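Residue-level listing of the chains:
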Amino acid sequence: MYLGVDYYPEHWDKSMIDEDLDNILELNCNVIRIGEFAWHMMESTEGNFDFSYFDRVIEKAKQKGLKVIFGTPTATMPAWLANKYPEVLSEDEFNNKRVFGGRRQYCFNSKTYHKYSEIIIRELANHYKNEESIVAWQIDNEFGHEGSDLCYCDLCKKEFNEYLKEKYNNDINKLNETWGTIFWSQTYNTFEEIPLPKPTITTHNPSLRMEHERFRSESIEKYAKFQVDLLKEILGEDSVIIHDFSGGYFDKSYDFSKVGKHMDVVAYNNYPVWGGQKEPIPAWEIACGLDYMRGIKGQNFWITEAIMGAQGHDVIGYLPRPRQAKMWSYQGIAHGCSSLMYFRYRGATKGAEQYCYGIIDQDNVKRRKFYEVQSFFKEMKENEALTQSEVKSDVAVVYDYESMASFRIQRQSFLMDYKQEVYRLYRPFYKKNINMDVIPSDSDFDKYKVLLLPVMIVHKKEVQDKVRKFVSGGGTVVFTYRTAVKDYYNNLTLGQFNPTYYTDLVGGYVEEVESFQDDQVALLIGNEEFEGINGTATVFRDMLKTTTAKTLFKYEDEFFEDLAAVTLNEYEGGKVYYIGSGADNTIMDAITNKIINESNLDAIESEEGVEVVRRSLNNEDYYFVMNHTSDEKKFRNEILKAYEAKIVKA
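Throughout, a residue's number is its position along its own chain's written sequence, starting from 1. Where local features are concerned, this predicted model is filtered to residues with pLDDT of at least 70; where side-chain atom pairs are given and counted, the filter is 80 or more; whole-chain, interface and lining totals use all residues. Heavy atoms from the whole structure form the basis of all side-chain values; hydrogens and water molecules are not counted.

Q: In this structure, what is going on with the overall build of the chain? I would like to understand it.
A: Across its full length, the chain holds 18 helices and 26 strands. The reference for a compact globule is 2.2 Å times residues^0.38; the radius of gyration itself is calculated from the C-alpha atoms. Against the compact-globule benchmark of 26 Å for 650 residues, the chain has a radius of gyration of 26 Å, which places it among compact chains. With respect to the principal axes defined by its C-alpha atoms, the chain has extents near 75 × 75 × 45 Å. For the exposure calls, accessible area comes from a 1.4 Å probe over protein chains only, and a residue counts as buried if that area is under 20% of its type's maximum, exposed if over 50%, partly exposed in between. Within the chain, buried positions represent 58% of all 650 residues. Contact between two residues is taken to exist if any of their heavy atoms lie within 4.5 Å; hydrogens are not considered. Intrachain contacts of the chain at a sequence separation of at least 6 include 72% that bridge at least 24 residues. Counting from the N terminus, the helices are the DSSP runs of H or I reaching at least four residues and the strands are the DSSP runs of E reaching at least two.

Q: Quick question: what am I supposed to make of the nonpolar core here?
A: As a rule of thumb, nonpolar side chains are buried together in soluble globular proteins. Nine residue types can take part in a nonpolar core, namely buried Ala, Val, Leu, Ile, Met, Phe, Trp, Tyr and Cys, and a core is a set of them joined through side-chain atoms within 4.5 Å. Residues I32, F70, F143, F250 and M293 are the most contacted members of the largest nonpolar core, which totals 154 residues. In terms of residues, this core owes the most to one element, helix α8 (residues 206-235), which gives ten residues. One finds Y448, L451, V506 and L544 within the second-largest nonpolar core, a separate group that totals 24 residues.

Q: Help me understand empty space enclosed by the protein, please; the structure alone is not making it clear to me.
A: If a probe as big as a water molecule is rolled over the atoms, it shows which places are left empty. Buriedness for pockets is judged along seven lines, at least five of which must meet protein on both sides within 12 Å for an open set on the 1 Å grid over protein atoms alone, while cavities are sets there where a 1.4 Å probe fits but cannot get out, and lining residues have an atom within 4 Å of a point. Grid points are joined across faces, edges and corners, and a volume is the space filled by probe spheres set on the points. Considering all chains together, one arrives at four cavities of 30 Å³ or more under this definition. One number sums up the size of the largest cavity: a volume of about 80 Å³. As for the largest cavity, its lining consists of D291, H335, Y426, Y430, N433, I434, N435, M436, E611, V612 and V613. Going through the elements one at a time, α15 (418-431) and β22 (610-617) are the ones with two or more residues in the lining of the largest cavity. Ranked by residue count, the leading element in the lining of the largest cavity is β22, at three residues. Taken together, the residues that form the lining of the largest cavity break down as six nonpolar, three polar and two charged. Under the convention adopted here, Pro, Cys and the residues Ala, Val, Leu, Ile, Met, Phe, Trp and Tyr are nonpolar, Asp, Glu, Lys and Arg are charged, and Gly plus all remaining residues are polar.

Q: For this particular structure, what's the right way to read the packing of aromatic side chains?
A: How two aromatic rings sit relative to each other is set out by the distance from centre to centre and by the angle between their planes. Working definition: rings of Phe, Tyr and Trp (its six-membered ring) pair if their centres are within 6.5 Å, and the pair is stacked with planes under 30 degrees apart, edge-to-face with planes over 60 apart, and tilted otherwise. In this structure the tally under the stated criterion is 53 aromatic pairs. Among the aromatic side chains, those forming a connected cluster through ring pairs are F245, Y249, F250, Y254, F256, Y292, Y399 and Y418. Note on geometry: a ring has a charge over it if NZ (lysine) or CZ (arginine) is within 6 Å of the ring centre and within 35 degrees of the ring normal. Geometry around W12 places R346 over its ring, the cationic atom sitting 4.5 Å from the centre. Lying over the aromatic face of Y555, R541 brings its terminal NZ or CZ to 4.9 Å of the ring centre.

Q: Before we go on, may I ask you to explain the sheet that holds β22 in this structure?
A: Across a sheet, strands are paired by hydrogen bonds formed along the backbone, either parallel or antiparallel in direction. Pairing between strands is defined by DSSP: at least two bridges between them are needed. Taking strand neighbours across the sheet as the criterion, the three strands line up as β22-β23-β26 in an open arrangement whose pairing is antiparallel. Two strands lie at the open edges of the sheet, namely β22 and β26 (645-649), each paired on one side alone. On average, each strand axis in the sheet is inclined to that of its neighbour by 20°, with strand direction left out of account. Here an angle of 0 to 180 degrees is reported between the N-to-C directions of two axes, which are lines fitted to C-alpha atoms, with helices fitted over the stretch in contact.

And the structure:
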């Protein structure tokens, strides 16, 4: 288990290194993470390489028994590269070239940037290939973060056209037919005529935009794989390669799971609160992100940036209260983090991140935050075997990149937010302290009892076949509104009811649809066992005509009183729920409780605001218990102070 800090010794006078490393040891660290933003220090002018500074840092770390995670520095190109080869800089949708400054300004499709990335990585890796203290290599930093997932330059236009040629076997007629370009006279004679989806009048063809979303994802994946392959070539297949993924995984124009599959270990930069936020995101959103990262490869992950102080670039956010950031670190470990580093050892005094406060602030004095980290690392070392155990889940939330993209392309409701629809399903199971995996749609479903499929609007045969098999094997599936509306190319299917190719499974079909706005809700009335339970729903509503399904909730609407809002169909030994609108917590909790009881899920009762995660070691169960509130709480016989976390034996 690696416990450490993100350390940027190049930001400080070299005379401070020894004292810094001694303090890092005092924190109970065994690793430092370095080098990720230091390209200019390694290559100050083209072809002139100098790694002597980091040689000294690594040597001093070795003397003190500290291991090293080293980052390839490609997230921050040197000024000479941008000045000499401006074509490496990305462009926004208005043809504005992003100027040097900030970070991640490069175009993923720039062959020049690939060339110079290869040169610095090759030199760096060859220089340190025999350095045993380097235990892992991080490639780049937070791919796609802060808008860097998108570029609209001429290089991307050319590569997009080539991507389409390959995808459609160089058959422009096939593309025209598939996309329906006869609409609005958008028929193409050559692939070169196809534009990037820059601003136009009205909007672009939804199929073009979907292919562009896939192209952006593939562009990032190729660049990531290029770095991994290069490092493996030099360092050997046994080397450990990681990438530190950012948040925003449900909003970015690339598929984290595709990139993550090339890594040996998925790493995550976990920020429950950021600059400008008056309070942290809800605890279940934090948990969902952790489960998402674990689900990328179906294995435990690392946190390469955990916070301890307030954060922000230009605007500072909420300050984690005493014990709160430590509690978030406990939560990370509980959900499968097996190594953790804090960002950062000392807050910067210069540059863009002066207000990203660290373990130690600019005054260089050890205070509360220092000792919280010290105690956390001590406690994790005492429980190391447990922290490395597998997180076992009977429930999986299944996400789909193309479905996320489809809602970016055609939102359908001003209230639609894909991630909030994920949380709508995730939250009630989280509140019952049920372990969940959050997995991509190409995953294996066989080991689960319950699948939650939020707004999976794009239908794919291979996924639908797995879902049918899962239900036929006795599993329970929960669909939501806007399921299976679009095909792979982001088009509707002629002659089919929605959910397309699922109507027998659902036991009904969508008869009418409606989008809601801010002040609109649908009233839902409980039926049969849910009689007396009423609530509201928002965002959108599918109104279902049932065939074999029974109605659990119906709409209170004189015009559509014969159409269902929530249904349940029993199908070949399994159960299929369809939640036809953005139902409120009362209704979601009631449905969830029914599923928990039917599926024999092992819920753990706890007070409001107390999260409990079950882990097992040597056939014994343990609970990670986190108090997410500012009040004293109790779990069984354990008293939890405000924001306190504990590990207790079940």
